[in-house]
Structure formats: C-alpha cells, structure tokens
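# Fold and contact review
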Amino acid sequence: MNQANPLILGIESSCDETGVGLVRGIELLTNTVSSSMEEHVRFGGVIPEIASRAHLDAFVPTLEQALAEAGVALDDVDAIAVTSGPGLAGALMVGVSAAKALALATGKPLYAINHLVAHVGVGLLDASIAAAATAGELPENLGALLVSGGHTEILRVRNIAADVELLGATIDDAAGEAFDKVARLLGLAYPGGPAIDRLAREGDAKAIRFPRGLTVPKYMGTAEAPGPHRYDFSFSGLKTAVARCVEGYEARGEAVPVADVAASFQEAVLDVITAKAVLACRENHITTLLLGGGVAANSRLRQLAQQRCGAAGITLLVPRMSLCTDNGAMVAALGAQLVMNGVAPSDLAFAPDSSMPVGSISL
Amino acid sequence: MRILTIDTSAVASAALLSFDAADPAAPARVEAEFATADTRSHAEVLAPGVRSLFSDPAAQGPELDAIVVGVGPGPFTGLRSGIAMARTLAFAWKVPLHGLMSLEALAWDVLSLREAGQALPEGGDFVVATDARRREVYWARYSETGGLLKGPVVGPADTIRDVPVHGAGAGLYAAGLRANGCTVDDAAAGLQPTAVSLGHMAARKIQQGLELPGTAPLYLRESDAKVPGPRKRALL
Ligand SMILES: [Zn+2]
C-alpha cells in the first residue's frame with residue numbers, strides 16, 4: 001500500500017445522499033453523489049426508510065460512475081473508507097454493508113469513519129483552504145462549525161486523525177431540520193433552507209423577536225464557570241414560537257408577513273449559531289474556523305459568520321458547496337489522513353453506530 | 001457450477017455450493033456454510049461470515065459462476081445488508097448475480113423433511129411462514145412438488161386456514177393456526193430461511209434450466225412515511 005500518498009475510495013450513506021469519492025492523499029479525483037432528496041419532497045423531510053431503499057439501488061451505479069470518472073480500477077485503490085456514523089441507522093447499514101463487501105472482495109483495508117470528522121477532513125481537498133495552511137495539513141488551532149439537516153456541532157480539531165473534541169451540539173433539532181419545519185409552517189417548499197434564505201432577503205430580520213435557545217445565564221454560565229449548555233443549541237422552542245406567531249396572525253384574520261417571519265426566524269437561528277461558535281473559538285484558543293454541512297450554503301450564515309469571525313480575529317474557511325454537503329470525497333479525505341498517520345484499519349465485524357461520538361474518529 | 005448464496009431475510013447466512021448444472025438429478029454439494037442464530041446482527045457478522053467461506057476471497061471470488069441472494073420478504077434493514085453485500089461482491093468480482101425469494105429456502109427444507117419422513121403431513125399443499133414482526137407473518141403456499149402457488153404475502157397468521165404451516169412464522173402463531181384447522185409440526189416450526197437451503201433451491205432451478213429473477217428486494221410493505229396533511233392548529 002502507498003502509505004505516503006494513498007488512493008482511497010470513500011463511501012457515504014448516513015442520510016439521503018449516496019456518495020462515492022476517490023481521493024489520492026489530499027488530491028480530489030472524483031466526488032460522485034446520488035441524492036434521494038426529490039423522493040422526500042412530498043413528505044417535507046427525509047424519510048429514513050425511503051432513503052435506505054434509495055441507497056441500496058444507487059450504490060453500485062454510483063460506485064461504477066465514480067471509478068469511471070476517476071479512471072481508476074478497484075484494484076488500484078489502497079484502502080476503502082466508509083461512514084459508520086453518526087447518521088440514520090438503516091441508511092448507514094447500506095453503505096457499511098457495501099463497503100465491507102468491497103473490502104472483502106478486494107482484500108483491501110477498510111476504515112469505519114466518523115461522518116462529522118469527515119466534514120472537517122474535506123477541507124484538505126479545497127484549494128482555498130490548502131492555501132491558508134501548510135501544504136497537506138489543516139490549519140493549527142482549528143475549530144469547525146457543522147450545520148446541516150442532520151447535525152449542528154462545534155468541534156475542536158487538534159489532530160484530524162487522532163484528536164477531535166465536541167465542544168457543543170444541538171440538544172434537540174438540527175438547525176437544517178428547524179429550517180425545514182418552519183418552511184412547512186410558512187407553506188414553503190422542501191428543503192426549507194434555500195427557500196427561507198431566499199424569502200428572508202425580502203423581509204425584516206428585526207420584525208419579530210424570536211427566542212434564542214440556551215442563551216440565558218443559567219445555561220451559559222461564564223468562561224470560568226461554564227453553564228451546562230454554554231456552546232450547545234436548541235431549536236425546538238424557536239420552532240414552537242414561530243408556529244404560535246403564525247397562528248396568532250391567522251387567528252386575528254391578518255395576513256402572515258411570511259418574509260418577515262422567515263427573516264426573523266433565520267436570524268434567531270444564525271445569531272445563536274455564530275455567536276456561540278465565535279465564543280467557543282475565543283475561549284478555546286481556536287484561530288481558524290471551518291464551516292461545513294449543507295446549511296453552509298445559507299447566504300446569511302456566511303455573512304454573519306464572516307462578520308463575527310472577522311471582528312474576533314478568527315479566520316473563517318468555507319469549502320466549496322459540493323464539499324460541504326454530504327459526500328463520499330470527505331470520507332475518502334479522512335480515510336487518507338488515517339492511512340497517512342498509520343492508524344490501524346477497522347475489523348470487518350464493526351457495527352455502524354447511528355450516534356457515533358466525535359471523539360471516535362474511526363472504529 | 002459453483003455459487004455463493006447469501007440470505008439475510010431472517011438470520012444472516014451465506015454458503016458455497018457446487019453442482020452439476022446439466023444434471024437435474026445430481027444433488028448440490030455444500031462446500032462451506034455460515035449462519036447466525038439471531039436475526040439482528042447482520043451488519044456485524046455477515047461480512048466476516050462470507051469471508052470465512054473462502055481461504056482467499058480476492059482470488060476465489062472472481063472464479064464463482066454466480067452469486068444468488070435471498071431478496072426477502074424480511075425485515076428491511078437486515079434484508080438490505082445481504083442484498084447490498086451480494087450486489088457489491090458481484091460488481092467487484094464481475095460475477096453474474098441473481099435473486100431468489102427467501103421463502104423458497106423454507107420450501108426446500110419442508111420438501112427435504114417430508115422426503116426423510118420427518119415433517120408431517122407428508123403430502124399435499126403446504127405453507128411456509130416467517131416472522132414479519134408487527135403481529136404479522138410473511139408467507140407463501142406451495143404445491144406438494146414445491147411449486148409456488150401463492151405469495152409471498154404479508155399479513156396476520158389467522159388469514160391462513162386448513163393447511164400445514166411450517167417455519168418460524170408457524171411456531172410463533174401455532175395455537176391460532178391450529179385453531180384455524182392448520183397443522184403445525186413442531187419439527188419444522190422454528191425453521192428460518194438459510195443460504196444453504198436457498199442454494200439448494202437455486203441449484204435445482206438452474207439444473208431445470210429456469211431463469212432466476214433479479215435482486216429487487218421484496219419489501220411487500222410501503223415505507224411508513226405519510227404525506228403530511230394540513231397543519232394542525234394545536235399549539236394555541
Ligand atoms: Zn453531514
């Protein structure tokens with residue numbers, strides 16, 4: 001095996017994207033994604049069983065396409081990497097079974113990889129980020145803010161292959177999930193993120209003051225004596241507040257000012273997310289913050305994160321969108337780091353773990 | 001002819017069988033087999049189990065003549081792990097891939113037991129059934145010679161009447177089935193579909209020149225997803 005510059009095949013199936021990526025060291029060869037998003041539109045959210053069925057049928061065609069695009073044969077691959085969690089249990093199972101089959105069929109080592117850490121590892125593949133760091137390495141004193149339909153986390157990354165720590169996370173809904181639910185309340189299409197982002201540009205973000213979850217002193221505490229949820233998020237109360245607000249207009253027979261509601265809701269989510277991320281950075285000597293997850297596409301999140309990071313002297317890095325959303329290349333990128341750092345491969349008997357903790361980078 | 005069979009419709013199982021494809025009377029020989037006892041650990045055990053059938057999977061896999069996978073019915077997540085495994089192995093090894101309805105494995109077992117005089121009654125139509133959870137069974141009805149007459153279907157066991165019922169689905173609802181005029185023979189009331197029996201049935205079909213189906217899973221149930229109705233105004 002080429003340990004210095006390994007060719008890794010990465011497989012992702014933790015939510016509704018079936019991804020297969022090929023990476024050589026830190027060079028992206030291909031990133032093929034098949035999404036079942038369309039099948040979930042009429043339900044207004046990802047339906048795990050539908051996603052799992054779609055993964056099963058998409059996997060081999062996606063693999064075939066990725067190999068063809070990269071001009072690589074299975075035999076050329078040095079190791080296989082697969083998302084083993086966190087994610088939807090039934091969806092993870094498909095990718096994991098397929099990855100085990102590939103490892104078994106080819107005799108190549110298999111790495112069972114943490115999806116959240118892979119969202120950070122993908123930064124290595126992005127030219128703009130590579131330029132901000134020593135070649136082939138992530139920046140020092142690195143943090144990550146991951147925001148998607150499935151997760152909302154702040155991480156500290158001391159060593160992408162060996163030492164990643166969870167600083168904060170949502171205690172209920174993921175931010176993207178809150179966007180979807182509020183979009184539905186407002187009669188907007190799924191996925192809710194882009195729809196609310198668009199509508200919010202026409203609204204007044206200060207029109208309605210929605211609650212900021214887990215921001216009161218009893219949760220926050222102080223830097224010296226942190227409260228129980230200093231860097232954590234909660235969006236379920238906000239969602240209820242938006243529902244009450246919309247129903248209030250309806251009960252009074254007034255038209256719902258949807259643009260103002262969208263803008264005010266979005267501001268409430270992104271205000272807390274960026275404020276807590278920057279706070280976590282300042283208090284943990286993090287000087288570079290990497291943004292990941294599908295909600296990184298949100299224009300207001302980028303703007304607010306840029307402003308607040310800038311004011312605090314933190315460098316904000318945003319990989320290009322195709323690398324921010326769930327994909328196989330990020331799994332391959334992290335797999336390559338594990339191989340390059342001499343981490344032992346996973347045993348073929350590992351089980352996917354739908355709540356795999358961030359501290360567990362591979363199984 | 002040498003085939004690898006996989007079935008994860010109930011337990012996780014895999015087997016290597018060889019047989020003379022040209023001679024319908026020649027029995028298939030089981031070269032290696034693997035099966036779990038439980039129905040919930042497919043993701044962990046299946047890959048090591050398949051690997052254990054070979055001394056050098058990467059070299060021997062491409063020499064297989066076919067892979068045959070049980071396509072259910074069975075609990076979805078486990079079922080998919082077997083089909084994902086089979087499809088991916090077939091792709092990687094460039095080996096022909098087929099599916100076979102998983103209850104065919106139980107039909108093979110019943111026919112074998114009858115032949116040995118171990119399952120009663122010895123003649124007539126019979127039904128095989130597995131646990132579909134949610135107080136239902138997956139079942140299919142076969143003729144005395146093993147021809148599929150009806151199914152597979154999913155439903156409560158009490159819709160099955162006046163016929164011998166075999167398999168783990170029969171064992172679970174034995175009292176109710178017996179009350180409905182069915183025979184439940186204890187010797188065959190715990191049977192689960194296995195890759196070995198699936199392989200015997202596949203071999204017999206290949207020997208008879210029959211075309212095996214594809215690997216689309218037989219879910220028989222829709223996903224539980226419901227299109228959301230109008231918003232409930234329960235919050236005020
Ligand atoms: Zn993700």
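Small disclaimer: the values here were computed from a predicted structure and weren't measured. (Residues numbered from 1 in each chain as written. Chains lettered and ligands numbered in written order. Predicted model: local features only at pLDDT ≥ 70, side-chain atom pairs only at ≥ 80, totals over all residues. Heavy atoms only, no water.)

Moving on: the pattern of salt bridges. The final tally for this structure, using the stated rule, is 22 salt bridges over all chains. The salt bridge involving Glu49(A) is made with Arg80(B); its shortest N-O contact spans 2.9 Å. With Glu49(A) in helix H2 (residues 48-70) and Arg80(B) in helix H3 (residues 76-93), the pair connects residues from two separate chains. Each member of the pair Glu49(A) and Arg80(B) is classed as buried. In this structure, the salt-bridge partner of Arg87(B) is Asp57(A), at a minimum N-O distance of 2.9 Å. With Arg87(B) in helix H3 and Asp57(A) in helix H2, this residue pair bridges two chains. Classification of Asp57(A) as partly exposed rests on a relative accessible area of 48%. In the salt-bridge network here, residues are joined through shared partners; they are Arg156(A), Arg158(A), Asp163(A) and Glu165(A). (Salt bridge = Lys/Arg side-chain N within 4 Å of Asp/Glu carboxyl O. Helix = DSSP H or I, 4+ residues; strand = E, 2+ residues; numbered from the N terminus. Buried < 20%, exposed > 50% of the residue type's maximum accessible area, 1.4 Å probe, protein only.)

All names here are of chain A. Strand order in the open sheet formed by 5 strands is S3-S2-S1-S4-S5, and the pairing between neighbours is mixed. Edge positions in the open sheet fall to strand S3 (27-35) and strand S5 (110-114), since each of these has one partner strand only. Ignoring strand direction, the axes of neighbouring strands in this sheet form an average angle of 20°. For strand S1 (residues 7-12) and strand S2 (residues 17-24), the ladder comprises 6 bridges, and the chain directions are antiparallel. Looking across to S2, one finds that Ile-8 is bridged to Val-23. Along the sheet face, H2 touches S1, S2 and S3 and points at about 25° away from the line of S2. Packing of helix H3 (residues 89-106) onto the sheet brings it into contact with S1, strand S4 (79-85) and S5, and relative to S4 it is tilted by some 160°. (Pairing = 2+ DSSP bridges. Axes fitted to C-alpha atoms, helices over the stretch in contact; angles between N-to-C directions. Contact = heavy atoms within 4.5 Å.)

This part takes up the interface of chain A and chain B. Taken together, the 42 residues of chain A in the interface contact 37 residues of chain B. When chain A packs against chain B, close to 3,400 Å² is buried across both sides, 68% of that on carbon and sulfur atoms. The interface formed by chain A and chain B contains 5 residue pairs in polar contact (both at pLDDT 80 or more). Breaking the side of chain A that touches chain B down by element, the ones donating at least two residues are H2, H3, helix H6 (175-185) and helix H9 (236-251) of chain A. Taken together, the residues of the side of chain A that touches chain B break down into 25 nonpolar, 7 polar and 10 charged. (Buried area = accessible area lost by both parts, 1.4 Å probe. Polar contact = N/O pair within 3.5 Å; in protein donor to acceptor, adjacent residues only side chain to side chain. Nonpolar A, V, L, I, M, F, W, Y, C, P; charged D, E, K, R; others polar.)

Quick look at the UniProt feature "domain: Gcp-like" (unreviewed entry) in chain B now. Here the UniProt feature "domain: Gcp-like" (unreviewed entry) sits at residues 39-148 of chain B. Helix makes up 41% of residues 39-148 of chain B and strand 20%, and the two end C-alpha atoms of the span are 25 Å apart. (UniProt positions renumbered as here; feature names shortened; annotations may be inferred.)

Let us look at empty space enclosed by the protein. Residue and element names in this part refer to chain A. Summed over all chains, the structure comprises 1 cavity of 30 Å³ or more. Considering each element in turn, the lining of the largest cavity owes the most residues, 3 residues, to helix H10 (residues 258-283). For the lining of the largest cavity, the per-class residue count stands at 7 nonpolar, 2 polar and 1 charged. (1 Å grid on protein atoms, 1.4 Å probe; cavity = no way out; pocket = protein on both sides within 12 Å on 5 of 7 lines; lining within 4 Å. Points joined across faces, edges and corners; volume = space filled by probe spheres on them.)

So, about unusual backbone geometry. Following Gly85(A), the chain continues to Pro86(A) via a peptide bond in cis, the omega torsion being -10°. With respect to the secondary-structure elements, Pro86(A) resides in the loop between S4 and H3. Cis geometry marks the peptide bond from Gly72(B) to Pro73(B), where omega comes out at 10°. Residue position: Pro73(B) is located in the loop between strand S4 (66-70) and H3. Backbone geometry at Asn141(A) places phi at a positive 50°, although glycine is not the residue there. As for its position among the elements, Asn141(A) is in the loop between helix H5 (127-131) and strand S6 (142-147). Unusually for a residue other than glycine, Arg133(B) sits at a positive phi of about 55°. Within the element layout of this structure, Arg133(B) appears in the loop between strand S6 (126-131) and strand S7 (137-142). Looking at Arg133(B), the relative accessible area reads 28%, which means it is partly exposed.

With that settled, consider the pairing of strand S1 (residues 2-7) of chain B. Residue and element names in this part refer to chain B. Burial analysis of S1 places 5 of its 6 residues in the buried class, which makes it a mostly covered element. As paired elements, S1 and strand S2 (residues 13-18) share 6 bridges and run antiparallel to each other. Bridge pairing links Arg-2 to Ser-18 in S2. Connecting the antiparallel pair S1 and S2 is a turn made up of 5 residues. Bridging between S1 and S4 involves 4 bridges; their strand directions are parallel.

This paragraph deals with the domain arrangement of chain A. Residues and elements named next belong to chain A. When cut into domains, chain A gives domain 1 (7-126 + 322-341) and domain 2 (168-318). Between domain 1 and domain 2, the residue contacts involve 12 residues of the former and 10 residues of the latter. When the buried surface of domain 1 facing domain 2 is broken down by residue, Met-37, Gly-44 and Cys-324 rank first, second and third, together holding 49% of it. In this assembly, domain 1 and domain 2 are joined by 0 salt bridges. For the side of domain 1 that touches domain 2, the secondary structure elements donating two or more residues are helix H1 (37-40) and helix H4 (115-121). Among the residues forming the side of domain 1 that touches domain 2, the class breakdown is 5 nonpolar, 6 polar and 1 charged. (Domains from an automatic or database assignment.)

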